[in-house]
Amino acid sequence: MEFGPYLLLATLEGLLMAAVLALTALGLSLVFGVLRIVNVAHGEFYMLGAVSAWWIASLVAEIGISSPAVAFVAALLLAPPLAGAVAFAAERLILRRLDYRPEPTIVATIGLLYMIQQGVLTLYGPDARPVRAPFDLRLDLYWFGWSGYKLAVIVFAAVLLLVARWVLVNTRAGLVMRATEIDTEMARAVGGIDTRRVYAAVFTLGAMLAAVAAVLIVPIQQAHYLMGLDPLLLSFVVVIVGGLGSLRGTLVAALLIGLSDGIVSVFFAPTLAKILATLLVALVLIFRPQGLFGERSR
Amino acid sequence: MRTVPSPPEKGPLPGGRSGGDDSASRRRGGELVGFSLHAAVPLAIALLYPLLPDYHQGNAARILVLATYATGYNLLFGYTGLLSLGHALYLGAGLYGAGLAVTSFGLDPVLAWLLGVLLAGTLAALVGALALRTTGVAFMIVTMMFAQAGYLSILHWNRYTGGDEGFVVPTVRRAAGVALDLGSGDVRFALALALYSCCLGIAWALVRGDTGRVWLALRDSEERLELLGHDPFRHKLLAFVLSGLMAGAAGAAYALLFGYVGASFATIQYSILALLWVLVGGAATVLGPLLGTALMFYLVDIVSGYTTAWLFVVGAVLVALVLLAPRGLLGTLQHRYRWRWLP
């Protein structure tokens, strides 16, 4: 292959990764920003999204609808609320009772991670299972070809991110969230905001964002009970490098890491790339806790 | 550290006027009871051992080595209040340091063990010096990331480490020129018990002395300690390195006693297991780690008989502990019945 098409391919694959990563990391970042907790189980909500997408798609096929598009749309509409419901239950039963204190919460979400992961292993089994893409379009230029579905994922994720930004900036719900993020006490006392409801909503929303990302990826990668660990680690990298709680930083970091991942993997072995990424996160947290792009914390 | 609400002050502070001699002598009495209890535990284990069936005799040696790891973790997490999510790095350093020293360089087992401990201590000093610049959640993530880098390094340099599968360490028959047959379960048990008793003794002496008092004060308020003229960083680093050394001692002993070195011991799972064992037994109690390790070892052992998803139990116990009994078993007893001699 010549250099031009090769670079285009690497860029497009990088963009795909960045798009999915940005959605997942946005969920983690929102939860951190508003609730001030680190949700170690975030990757498991991603995995739940993928596994329930497979489950819903096979249910749709079972009732005799053979169109993969219908099955996929059903999964996209129903899987995120399912993952969200689990997150909502976890918030109500565990996190709320811990008062969102950061350290017990981390221990509890580690426990939650194991419970969800192993629960899925028991119910769903250790196999990786695919979901068919909603359409089978191939982009064919005379010198370059790429899956049309992958392109659609990039566009869809970009639209979702724009919508999320619009909601945060322009709606009352976004205002309430930002007020709670900036100062919970003040939001409750002066703004009359029921911050407990905001916490529950944001935690559920964060899980649903991860699940949406997973439904989008499941026609490309298969659903597997251990699939949540890599996105968790990468989301951590994105959120920390971008600056904890900073949305713009999260997006920039997702682009940077998604795009550079392809290029880094060309020059280094994938494990070595991961070693460098984890060390980078550690060093950023030690020497620039506000992130590479973030402003000094409030 | 808010995971574990601090237990009540242990006895009156030295120099407290009220009570005077009376409370001081009661304190000494309590000290004696506490000391006998802690000395009695290894003794009781040694006496019980011959009565156990074969299967449990083998488990006993493993539990004692793992409890050594947990005892070290408790110094950092329980007493100093620093929650590290990366102690598997030091366990793994001891394991690989000792294992590779024997298989690749043909070193004497005693030297190999020391090398493993030294490697773990050096890594702990390096990571500690960096990670202790952060606090709270950042500290957890930084320690976790360093440990993850260590684990990935084991996978990456699989030519030397055997990667995922690890390698077998040949059974030790001689050490330091003396015949020492580690093929025998009884010898393995005796060495494991000796290792655990040493670390238990060190932990006991430290936490009853000035160092322990400074650590507990650090856990409650770093600023106050600084005002009193102590250097918090130095004491935190001391706790970090000591717990890393004990983790390394346990890892190196594991490699030599049980003859297997594998990457799974360096995974984040083992960092979390140390936290779990300490939480179950009771953070900031000297015997808690042993109790927690033994209980969880058998719980997981029983559950594995029914399902492959034994990690579910680990998760459920973690959640139940932070919700219902953040002090752990011994911590709850200590708190409820005011057993102050139970440090």
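Residues numbered from 1 in each chain as written. Chains lettered and ligands numbered in written order. Predicted model: local features only at pLDDT ≥ 70, side-chain atom pairs only at ≥ 80, totals over all residues.

**Some points on the overall build of chain A**
Across its full length, chain A holds eleven helices and two strands. Mapped from its N terminus to its C terminus, chain A presents α and β elements in the order α-α-α-α-β-β-α-α-α-α-α-α-α. Relative to its length of 298 residues, chain A is compact, with a C-alpha radius of gyration of 19 Å against a globular reference of 19 Å. For the C-alpha atoms alone, the extent of chain A along its principal axes is close to 60 × 50 × 35 Å. Expressed as a percentage of the 298 residues in chain A, the buried residues total 49%. Partitioning the intrachain contacts of chain A with sequence separation of at least 6 by distance along the chain shows that 77% fall at a separation of at least 24. (Helix = DSSP H or I, 4+ residues; strand = E, 2+ residues; numbered from the N terminus. Rg over C-alpha atoms; globule rule 2.2 N^0.38 Å. Buried ≥ 20, exposed ≤ 12 C-beta atoms within 10 Å, placed from the backbone. Contact = placed C-beta atoms within 7 Å.)

**Structural notes on the overall build of chain B**
Each helix and strand counted, chain B has 14 helices and four strands in total. Evaluated residue by residue, chain B yields a buried proportion of 49% over its 343 residues. Summarising the internal contacts of chain B: among those between residues at least 6 apart in sequence, 77% fall at separations of at least 24.

**Description of the environment of Ala57(A)**
All names here are of chain A. If you trace the backbone, Ala-57 turns up in helix H2 (residues 42-62). Remark: the alpha-carbon pair of Ala-57 and Val-70, spanning 13 residues in sequence, is separated by 8.4 Å. When sequence neighbours within four positions are dropped, the list of residues in contact with Ala-57 reads Ala-71, Phe-72, Ala-75 and Val-131.

**So, unusual backbone geometry**
Comment: phi is negative for the bulk of residues other than glycine, and the bulk of peptide bonds are trans. All names here are of chain A. Unlike most non-glycine residues, Asp-99 shows phi in positive territory, near 65°. Despite not being glycine, Tyr-100 shows a phi value in the positive range, around 55°. In this structure, Tyr-100 sits in the loop between helix H3 (68-95) and helix H4 (102-124).

**Some remarks on helix H13 (residues 311-324) of chain B**
Along its 14 residues, H13(B) runs 20 Å from first to last C-alpha, staying within 8% of the 20 Å computed at 1.5 Å per residue. Every buried residue of H13(B) is accounted for by Phe312(B), Val314(B), Gly315(B), Val317(B), Leu318(B), Val319(B), Leu321(B) and Val322(B). Among the structural elements, H3 and H4 of chain A together with helix H11 (268-281) and helix H14 (328-336) of chain B are those in contact with the buried residues of H13(B). (Expected span 1.5 Å × (residues − 1).)

**Some details on the interface of chain B and chain A**
In this complex, chain B contributes 35 residues to the contact, which on the side of chain A involves 34 residues. Looking at the side of chain B that touches chain A, the elements that each hand over two or more residues are helix H5 (136-156), H11 and H13 of chain B. The biggest single contributor to the side of chain B that touches chain A is H5(B), with 14 residues. Of the residues that constitute the side of chain B that touches chain A, the class distribution is 25 nonpolar, eight polar and two charged. (Nonpolar A, V, L, I, M, F, W, Y, C, P; charged D, E, K, R; others polar.)

**Thoughts on the packing of helix H3 (residues 88-103) of chain B against helix H4 (residues 109-131) of chain B**
Residue and element names in this part refer to chain B. Where H3 contacts H4, the axes come no closer than 7 Å and their chain directions differ by 145°. Between H3 and H4 lies a crossing whose hand is right-handed. Between H3, through Leu-89, Tyr-90, Ala-93, Gly-94, Leu-95, Gly-97, Ala-98, Ala-101 and Val-102, and H4, the contact on the second element is made entirely by Pro-109, Leu-111, Ala-112, Trp-113, Leu-115, Gly-116, Val-117, Leu-119, Ala-120, Leu-123 and Ala-124. A per-class count over the contact of H3 with H4 returns 17 nonpolar, three polar and no charged. (Axes fitted to C-alpha atoms, helices over the stretch in contact; angles between N-to-C directions. Left-handed = near helix turned anticlockwise from the far one by under 90°.)

**Brief notes about the environment of Val261(B)**
All names here are of chain B. One can find Val-261 in strand E4 (residues 260-261). As a C-alpha pair, Val-261 and Gly-78 span 183 residues in sequence and 28 Å in three-dimensional space. Excluding anything up to four places from it in sequence, Val-261 contacts Leu-95, Tyr-96, Gly-99, Gly-166, Phe-167, Val-169 and Ala-255.

**Points about the confidence of the model for chain B**
Residues and elements named next belong to chain B. Here chain B shows a mean pLDDT of 85. Residues at 70 or above account for 90%. Taking the mean pLDDT of every element in chain B, the minimum, 72, falls on helix H1 (residues 20-48) and the maximum, 96, on H4. Ignoring residues within four places in sequence, the model shows residues 1-21, a span with pLDDT below 50, making 33 contacts including any to other chains. Per the prediction output, this complex has pTM 0.85; the corresponding ipTM is 0.84. (pLDDT = per-residue confidence, 0-100.)

**Considering the environment of Arg188(B)**
If you trace the backbone, Arg188(B) turns up in helix H7 (residues 185-208). Sequence separation between Arg188(B) and Arg133(B) is 55 residues; the distance between their C-alpha atoms is 40 Å.

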